[in-house]
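Here is what each chain is made of, one letter per residue.
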Amino acid sequence: MERNSTIDIMKGLAIILMLFIHAPFVDLGVTLSFVVPVFFMISGVFLPSCETCGDLRAFVVKKIKSLYIPYITTNLIFLAFHNLFVRLNFYTDSQDFLAAFPDAILYSEYTFVQFMKRTALILSTAGGTQLGGATWFLRSLFFSSILYEILNYAFAKLNVNKLLFHWIFGFVFLIVSCCFSGMEILIFEKNIFLWINQVLSPYILFCLGKLLINLFNGIKHNWIYLLTGVAGLIVLVIINHVNIDFNLAFGKTDQIHFFLLSSLSGFVFLYSVSYFIDKCSVSSFFVLAGKYTIYVLCLHLLFYKFVTLIFVKLHSLPDIYIAAYPTILSLCNGNERFAYGGSYILTGFLFPLLVGLGVRKFKKRTGFQGFCISLRIFQC
């Protein structure tokens, strides 16, 4: 499928909303539970139809480069700096820290053996790092998209109605993941039920994304986009006031009807808004943001630390408070909360974007294709 500027804008809006989820400083009055599902739906729009072994093999190789390698590289880099992060108080093992943040996880410096163990867990996707926490999405998308294409290949070989069977399997997988919601069995450090949930749940979202983009491609009138956007927003506001709790990151998908309704409404709302932004002069900024979402996804939690560092120093708090995760907004009040919340959003967006632009410029000037164990891997 050709690059769609409206989709790029949509991705840019969604990544900014994701930053807000991790640093909420005001009540928007709208549920943001649709943001992650919308990313899966956008991914579904671009999923090909693998019908031969060659197609499937090429798809898996592509996903290894674009999803698995960025996942392990991000987490391995953060792992390499783990002991430094402890010394900088990005992580802490101080029990005093729990007095202010009782739900926090404490981290001490790793030994060589622990580094080796953590490396193996990252390579197997059974473990990660705190600062790379958002990369769970890459792991989930990697396995779920491969599952989708394997079944697509099987449907083609069986000569059955692929569209119908994708929807059937999508709903079956969603029901199965719903049954696993809240269950826990640890294999190494990974809750196997959470892993299964994060692989199965997106399947239906791929189908939903393909359906909605086909419907939108048939719309020719601006007033229809306006109506659909307003309708999507109204539904999101209503769901927010119902106070529904579901979260793909934690495997909470047991409220299937609200999960699907929120995902559908979020996609409709964001696509409609993106459609109108695409007609404005500011569209290029959001298109740029959409092209570099993977940098923001992988690096924003690291850059959040620098805002926390400023807060701690200005308020003369103990340095161990720098380890607040993902933000220190719980200690902010009033206008201060708004100021620091906005700073988190700007820092978490602009600095990763600059990193992405710098990598692109470096590659363009040197033609260097190596560190794509650190550079090329970040291609969108």
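Residues numbered from 1 in each chain as written. Predicted model: local features only at pLDDT ≥ 70, side-chain atom pairs only at ≥ 80, totals over all residues. Heavy atoms only, no water.

## Quick notes on the overall build of the chain
Check the secondary structure of the chain and you find 14 helices and 2 strands. Here the C-alpha atoms of the chain give a radius of gyration of 21 Å, agreeing with the 21 Å that 2.2 N^0.38 yields for 380 residues. Projected onto its principal axes, the C-alpha positions of the chain cover 60 × 50 × 45 Å. Burial status across the chain gives 49% buried among its 380 residues. Surface exposure of the chain reaches about 18,000 Å², of which carbon and sulfur atoms provide 67%. (Helix = DSSP H or I, 4+ residues; strand = E, 2+ residues; numbered from the N terminus. Rg over C-alpha atoms; globule rule 2.2 N^0.38 Å. Buried < 20%, exposed > 50% of the residue type's maximum accessible area, 1.4 Å probe, protein only. Areas by Shrake-Rupley, 256 points an atom, 1.4 Å probe, with all protein chains shown as cover.)

## Concerning a nonpolar patch on the surface
A cluster of nonpolar residues, Leu 226, Val 230, Ile 234, Ile 238 and Val 242, forms a patch on the protein surface that exposes about 440 Å² of accessible area. Along the chain, Leu 226 turns up in helix α10 (residues 222-242). (Patch = residues over 30% accessible without salt bridge, like charges linked within 9 Å, V, L, I, M, F, W, Y side chains within 5 Å. Salt bridge = Lys/Arg side-chain N within 4 Å of Asp/Glu carboxyl O.)

## A word on the pattern of salt bridges
Where charged atoms of side chains with opposite charge meet at close range, the side chains can pair. A complete count under the given rule lists 3 salt bridges for this structure. Glu 51 is the partner of Lys 162 in a salt bridge, and the nearest nitrogen-oxygen pair spans 2.4 Å. A residue pair is termed long-range when its members are at least 10 positions apart, and Lys 162 in helix α8 (residues 162-180) and Glu 51 in the loop between α2 (35-45) and α3 (53-80) qualify at 111 residues. You can call Glu 51 partly exposed: its relative accessible area is 36%.

## Comments concerning the environment of Thr 308
In this fold, Thr 308 is placed in helix α13 (residues 293-314). For Thr 308, a relative accessible area of 0% puts it in the buried group. C-alpha separation for the pair Thr 308 and Tyr 344, spaced 36 residues apart in sequence, amounts to 8.5 Å. Beyond its immediate stretch of four places on either side in the chain, Thr 308 contacts Tyr 321, Ile 322, Ala 324, Thr 327, Ile 328 and Tyr 344. (Contact = heavy atoms within 4.5 Å.)

## Some points on the packing of aromatic side chains
The final tally for this structure, using the stated rule, is 41 aromatic pairs. Each ring, one from Tyr 148 and one from Phe 206, has its centre 5.7 Å from the other, and the planes form 85 degrees; the classification is edge-to-face. Here Tyr 148, found in helix α7 (residues 136-158), pairs with Phe 206, found in helix α9 (residues 192-217); they are 58 residues apart in sequence, far enough to count as distant. By relative accessible area, Phe 206 is classed as buried at 0%. (Phe/Tyr/Trp six-rings, centres within 6.5 Å; stacked < 30°, edge-to-face > 60°.)

## A look at the environment of Ser 144
Tracing the backbone through its elements, the reader meets Ser 144 in helix α7. Spatially, the C-alpha atom of Ser 144 lies 9.5 Å from that of Ile 196, the residues being 52 residues apart in sequence. If near-sequence neighbours (up to four positions away) are discounted, Ser 144 is found in contact with Phe 40, Gln 198, Val 199, Pro 202 and Phe 206. A polar contact is formed between the side chain of Ser 144 and the backbone oxygen of Ser 140, at a distance of 2.7 Å. (Polar contact = N/O pair within 3.5 Å; in protein donor to acceptor, adjacent residues only side chain to side chain.)

## Description of helix α6 (residues 112-123)
Here α6 is 12 residues long and its end C-alpha atoms lie 17 Å apart, about the 16 Å a rise of 1.5 Å per residue gives. Listing the buried residues of α6 in full gives Phe 115, Arg 118, Leu 121 and Ile 122. Summarising the axial view, the buried residues of α6 lie within an arc of 125 degrees, below the 170-degree limit, and thus occupy one face. Every exposed residue of α6 that faces more than 90 degrees away from the buried side is listed here: Phe 112, Val 113 and Lys 117. Buried residues in α6 make contact with α3 and α4 (82-87). One or two residues past the end of α6 sits Thr 125, with phi positive at roughly 65 degrees. (Expected span 1.5 Å × (residues − 1). Arc of directions from axis to C-beta.)

## Let's talk about the confidence of the model for the chain
Mean pLDDT over the chain works out to 90, with 94% of the residues at or above the 70 mark. Mean pLDDT across the elements of the chain ranges from a minimum in strand β1 (residues 186-187), with 76, to a maximum in α4, with 97. (pLDDT = per-residue confidence, 0-100.)

## With respect to the side chain of Lys 305
With respect to the helices and strands, Lys 305 occurs in helix α13. For the buried Lys 305, no salt bridge exists, and the shortest N-O distance to an oppositely charged side chain is 13 Å, to Asp 319. (Lys, Arg positive; Asp, Glu negative; His and termini not counted.)

## Considering the side chain of Ser 283
Locating Ser 283 in the fold gives a position in helix α12 (residues 283-291). A residue is classified by how much of its surface remains accessible, and Ser 283, at 13% relative accessible area, is buried. A distance of 3.0 Å separates a polar atom in the side chain of Ser 283 from the backbone oxygen of Cys 280. Setting aside residues up to four positions removed in sequence, Ser 283 forms contacts with Ile 9, Ile 277 and Asp 278.

## Brief notes about the nonpolar core
In terms of nonpolar packing, the biggest core is built from 109 residues, with Phe 267 and Leu 270 touching the most fellow members. Looking at this core, the element that brings in the most residues is α13, giving 13 residues. Look past the residues within four positions of Phe 267 in its chain and what remains in contact with it is Met 10, Val 38, Met 41, Ile 42, Gly 209, Leu 212, Ile 213 and Phe 216. (Core = buried A, V, L, I, M, F, W, Y, C linked by side-chain atoms within 4.5 Å.)

## Quick word on unusual backbone geometry
With an omega of 0 degrees, the peptide bond running from Tyr 325 to Pro 326 counts as cis. As for its placement among the helices and strands, Pro 326 is situated in the loop between α13 and α14 (334-366). The backbone of Asn 159 shows a phi angle near 60 degrees, a positive value even though the residue is not glycine. Within the secondary structure layout, Asn 159 lies in the loop between α7 and α8. Using a relative accessible area of 71% as the deciding quantity, one classes Asn 159 as exposed.

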